[in-house]
Amino acid sequence: MKDKHRVEAFVSAQPETGQPARDSYDFAAMEAKWPSVWEDLRVFEPADDGSRERRYVLDMFPYPSGDLHMGHAEAFAMGDVVARYLRQRGFDVLHPIGWDSFGLPAENAAIKRDAHPAEWTYANIDTQAASFRRYAISVDWSRRLHTSDPEYYRWTQWLFLKFYERSLAYRRKSPVNWCPYDQTVLANEQVVNGMCERCGTAVTKKNLNQWYFKITEYADRLLEDMDQLEGHWPDRVLAMQRNWIGRSEGAHARFAIEADAGLPGREVEVFTTRPDTLYGATFFVVAADSDLAVELVAAEQAAQLDDYREQVKSLSEIERQSTERPKTGVFLGRYAVNPLNGEKLPVWAADYVLAEYGTGAIMAVPAHDQRDLDFARAFDLPVRAVLDTGEADPAESGVATTGEGTLVNSGFLDGMDKTAAIGAATAKLEDAGAGEKTVNFRLRDWLLSRQRFWGTPIPIIHCPDCGEVAVPEDQLPVTLPEGMRGEALAPQGTSPLAAAEDWVRVSCPDCGGEAQRDTDTMDTFVDSSWYFLRFASPHFADGPFDVDAVNQWMPVAQYVGGVEHAILHLLYSRFFTKVLQDMGLVQFNEPFSALLNQGQVINGGKAMSKSLGNGVDLGEQLDAYGVDAVRLTMIFASPPEDDVDWADVSPSASARFLARAWRLGQDVTSAVDVDRASGDTELRATVHRTVNEAAELINSHKFNVVVARAMELVNATRKAIDSGPGPADPAVREAAEAVAVLLSLFAPYTAEDLWAKLGREASVVTAGWPRVDEQLLVRETITAVVQVQGKVRDRLQVPADIGEAELQALALESEAVSRSLDGRQIRKVIIRAPKLVNIVPA
RNA sequence: GCCCCAGUAGCCCAACGGCAGAGGCGGCGGACUUAAAAUCCGUUCAGUGUGGGUUCGAUUCCCACCUGGGGCACCA
């Protein structure tokens, strides 16, 4: 760290410095003194009695992966600004904390140490909780929760069963993403560039029987309701969700597959966004890995298809997704009939068509789709352009044309433009009963089962006679089996729970016969999809939450967290909320009204990492500079959503500022009850302007600018004491108290200590936002700018209420103006009294 | 390839369409000191990525491009 030596000097100088009569700024003493006071006063607990308007501020709850790090420090500092501000504004603020305490790392640690995941998990939670207390986040500790507590996950299970009742949870066998390292399945959202999001291993496909949530049923609402979030959520998060949901409008078209060599005729539907190009279809492709391919293939080509499918299966996800790879495929020996023109198209199987998207089959229009064109050129299939875009013929150029143009070679569509042709072709399909307008989504159902131990057991019993049976509500929670630890949890491709034979064996709730528990556990994103609801009534025993409490607090007024959850957690939580709304349990359709993505804390332009050796230890920073200085550094460095580069900031400077602010407290000599209104007008105006502006800045999340304003206020107050109206002026007290309240949002210890130094009683947390006197915001004189053709030529001190004519007259008298006009005629004068005059010469 | 965001001083960053600079870092100078640290005071530095457009006036609005960051991507 570049200013390390300065810091040491600063810190070690603490005990001896200062003039004899003055205390020195001692952050360690403050950190020792105030937490118990706050606890006794219970200032961070909401009254929850309806006496004041409620506001819910929430930080994404942490995963207990060790002690807190710099990233936590930043995120929670941001959330705390909002919570503390709203409290000062008189709202009843709910600001809770809990832990997302199920998950793989605990299990891996347990295997390595021959321990139980709970031991590691709860030890880490204790460590983090202690650090959070030191860090003085203003949360209501009485509402603390952990998703791995049976009293929490019984309700996760209850919710699963409610989804199951509504057919929103179902089990199906299908090819799923499989991580060979973690030995478990992954949701689509957890596969990043063909790799396991968690460990980076290349993901493969496995055909397994797994549980899903039917999130696709909510695709439309998840998309539409984003309108409400517009302007309150970051654009990029909304963009990512839209992208992920992937709505596309188009048409279904049904192609008849001709009967052939003993195989009956049948129909196969395709999805296309370009029904206008139907006449340009020259072949037909089905996904190689789909059942459809096997069903369609003619006997003669069956062996070839088998070989091809084997070949496709052996490819990793990364290889398969590469767009560089040449097109491959096999002819299936069958023909499809174009519903519009009756043309016979050869049917192929290829891996560039995805089984899971659309219908798993496409009509190939090589002239106007690059992928189809690549395929056509690889297998020498015909290319027929049906939209004249004025570009080179795709058959010659090898470049598919996708722009606007006029339809050709297309029968009744000829001469139409693209948009008209899309409508006309779709209408024709509908008339012919061969298709219809439709909307397709990229979003797939959420695969929620995991073959791991440390998670919420799926409350289903498999009975040989009755099939899937829900565990009756009164038997919840289905707790994890006791006594499993260490190696017993090692991944084997099947769930570790399967080895707990006594646990697995149960009697069927329906028939009483011998049955088996489902041995999978839930994705931990299920746990976190409803925790924000539990906080409203964390000890409620008769359901996942008290409906009234939830409807009083929710939706969350301000959610704070990293952008890494842009699609996973946030999409799932939105989905849960909508389902709960449909169940009548909540009265809102979106859980988080506003979202703030804090940036990351990096060091030297790069993410902190062990391998780079550029990690910064939060504990060391706190020891060296104090909690407040670290918090202030995070907030002052940049706007909340930008990254903070620890190499670019100076916590020692933050500490210096805090000390300067805190020292104001010892210079104020007026009594606590002095009449502020009798104070120095100039300083008072500064105070009121600062407070007024700070409020606006916080509303627009410009916390860094608020800190700058607080610095200005401290400077102005210092000047007033040393070379202005002096320490006894009531305005100095007013200013110092305003500093304390402003600081209470960022630097809780310094603020509280300053407040006490000023003779006020704890706590500054509930001191209330200073009332702004509008009179003091009005300036008596103002600097008017005189421009000639937009360039500043003079400045005039004028009364704030000057009239336009008067201001114009003054401006025209200016020597600088006449010099700059240089005899030219005046064409026009623009006046914005009292701030500006712009003279436009002819 | 498509989508989103951002480019202001040596650095981090401010600036309702109206004086480009509020705050801080760093640098420089000074006060205090035997000296240094700490503290305090003062001071330096850009015309806003590029090119157009709208406007009396553009960092701000519009268009195109460049650079950087991020997301999606064989999604029919």
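Residues numbered from 1 in each chain as written. Chains lettered and ligands numbered in written order. Predicted model: local features only at pLDDT ≥ 70, side-chain atom pairs only at ≥ 80, totals over all residues. Heavy atoms only, no water.

Details of the overall build of chain A
Consideration 1: Broken down by element type, chain A carries 30 helices and 34 strands.
Consideration 2: Seen through its principal axes, chain A has C-alpha atoms that stretch 105 × 85 × 50 Å.
Consideration 3: Buried positions account for 54% of the 842 residues belonging to chain A.
Consideration 4: A separation threshold of at least 6 residues defines the contact pool for chain A, and within that pool the share at least 24 residues apart is 72%.
Consideration 5: Element-wise, carbon and sulfur atoms account for 47% of the exposed surface of chain A, whose accessible area totals about 35,900 Å².
Consideration 6: Across chain A, the centroid of the 85 positively charged side chains sits 4 Å from that of the 124 negatively charged ones. (Helix = DSSP H or I, 4+ residues; strand = E, 2+ residues; numbered from the N terminus. Buried < 20%, exposed > 50% of the residue type's maximum accessible area, 1.4 Å probe, protein only. Contact = heavy atoms within 4.5 Å. Areas by Shrake-Rupley, 256 points an atom, 1.4 Å probe, with all protein chains shown as cover. Lys, Arg positive; Asp, Glu negative; His and termini not counted. Charge placed at Lys NZ, Arg CZ, Asp CG, Glu CD.)

Details of the packing of helix α26 (residues 730–743) against helix α27 (residues 748–757)
Consideration 1: The contact between α26 and α27 brings their axes to 8 Å, and the two run at 155 degrees. In terms of orientation, α26 lies roughly antiparallel with respect to α27. The crossing of α26 and α27 is left-handed. Contacts from Ala736, Glu737, Val739, Ala740, Val741 and Leu743 of α26 reach α27 at Pro748, Thr750, Ala751, Leu754 and Trp755.
Consideration 2: Residues belonging to the contact of α26 with α27 are distributed by class as follows: nine nonpolar, one polar and one charged. (Axes fitted to C-alpha atoms, helices over the stretch in contact; angles between N-to-C directions. Parallel < 35°, antiparallel > 145°, perpendicular 65-115°, else oblique. Left-handed = near helix turned anticlockwise from the far one by under 90°. Nonpolar A, V, L, I, M, F, W, Y, C, P; charged D, E, K, R; others polar.)

Topic: the protein's contact with RNA strand B
Consideration 1: Looking at RNA strand B, there are 54 residues lining it, with Tyr357, Arg371, Arg656, Arg660 and Asn838 nearest.
Consideration 2: Looking at RNA strand B alone, sugar and phosphate atoms form 63% of those within 4 Å of the protein.
Consideration 3: Arg709 places a side-chain nitrogen or oxygen 3.3 Å from a base nitrogen of RNA strand B.
Consideration 4: Glu712 has a polar side-chain atom sitting 2.6 Å from a sugar or linking oxygen of RNA strand B. (Near = heavy atom within 4 Å. Polar contact = N/O pair within 3.5 Å; in protein donor to acceptor, adjacent residues only side chain to side chain.)

Regarding the sheet that holds strand β32 (residues 791–799)
Consideration 1: With respect to topology, four strands assemble into an open sheet ordered β32-β31-β34-β33, the strand pairing being mixed. The open sheet has two free edges, formed respectively by β32 and β33 (826–832), since each of these has just one partner strand. Direction aside, neighbouring strands of the sheet carry axes that sit 20 degrees apart on average.
Consideration 2: Here β33 pairs with strand β34 (residues 836–841) via six bridges, running antiparallel. Bridging across to β34, Ile826 finds its partner in Pro841.
Consideration 3: In this fold helix α29 (residues 804–813) packs onto β31 (781–788), β32, β33 and β34, with an angle of close to 125 degrees to the strand it touches most, β33. (Pairing = 2+ DSSP bridges.)

Examining the environment of Thr783
Consideration 1: Position of Thr783 relative to the elements: it lies in strand β31.
Consideration 2: A sequence separation of 52 residues divides Thr783 from Lys835, and the C-alpha atoms of the two residues are 6.6 Å apart.
Consideration 3: In contact with Thr783, not counting residues within four places along its chain, are Arg795, Leu796, Gln797 and Lys835.
Consideration 4: Within the structure, the side chain of Thr783 is placed 2.9 Å from the side chain of Gln797, a separation counted as a polar contact.

Describing the confidence of the model for chain A
Consideration 1: A residue-level look at chain A finds 96% of positions with pLDDT of 70 or above and a mean pLDDT of 90.
Consideration 2: A low-confidence stretch, residues 1–21 (pLDDT under 50), is modelled with 19 contacts involving residues beyond four sequence positions or located in other chains.
Consideration 3: Predicted as a complex, the structure gets a pTM of 0.92 and an ipTM equal to 0.94. (pLDDT = per-residue confidence, 0-100.)

Thoughts on the pattern of salt bridges
Consideration 1: Applying the stated rule across the entire model yields 46 salt bridges.
Consideration 2: For the salt bridge of Arg384 with Glu343, the shortest nitrogen-to-oxygen distance reads 2.6 Å. Within this pair, whereas Arg384 is found in the loop between α13 (370–379) and β16 (387–388), its partner Glu343 is found in the loop between β13 (329–337) and β14 (344–350), the two being separated by 41 residues in sequence.
Consideration 3: One salt bridge connects Glu712 with Arg709, and the closest N-O pair in it is separated by 2.8 Å. In this pair, Glu712 and Arg709 are both assigned in helix α25 (residues 703–723), three residues apart and thus about one turn of the helix distant.
Consideration 4: Taking relative accessible area as the criterion, Glu712 reaches 44% and is therefore assigned partly exposed.
Consideration 5: Three or more residues joined by partner-sharing salt bridges are found here, namely Asp48, Arg54, Asp140 and Arg143. (Salt bridge = Lys/Arg side-chain N within 4 Å of Asp/Glu carboxyl O.)

Brief notes about the side chain of Ser148
Consideration 1: Summarising the element assignment, Ser148 is placed in the loop between β4 (145–146) and α6 (150–165).
Consideration 2: Reaching out from Ser148, the side chain makes a polar contact with the side chain of Tyr122 at a distance of 2.7 Å.
Consideration 3: Those residues in contact with Ser148 that lie beyond four places of it in its chain are Ser101, Phe102, Tyr122, Tyr153 and Trp454.

Description of the packing of helix α22 (residues 627–637) against α27
Consideration 1: The geometry of α22 relative to α27 is characterised by a closest axis approach of 7 Å and an angle of 120 degrees between their N-to-C directions. By the angle between their directions, the pair α22 and α27 is classed as oblique. Contacts between α22 and α27 involve Val627, Asp628 and Arg631 from the first element and Pro748, Tyr749 and Thr750 from the second.

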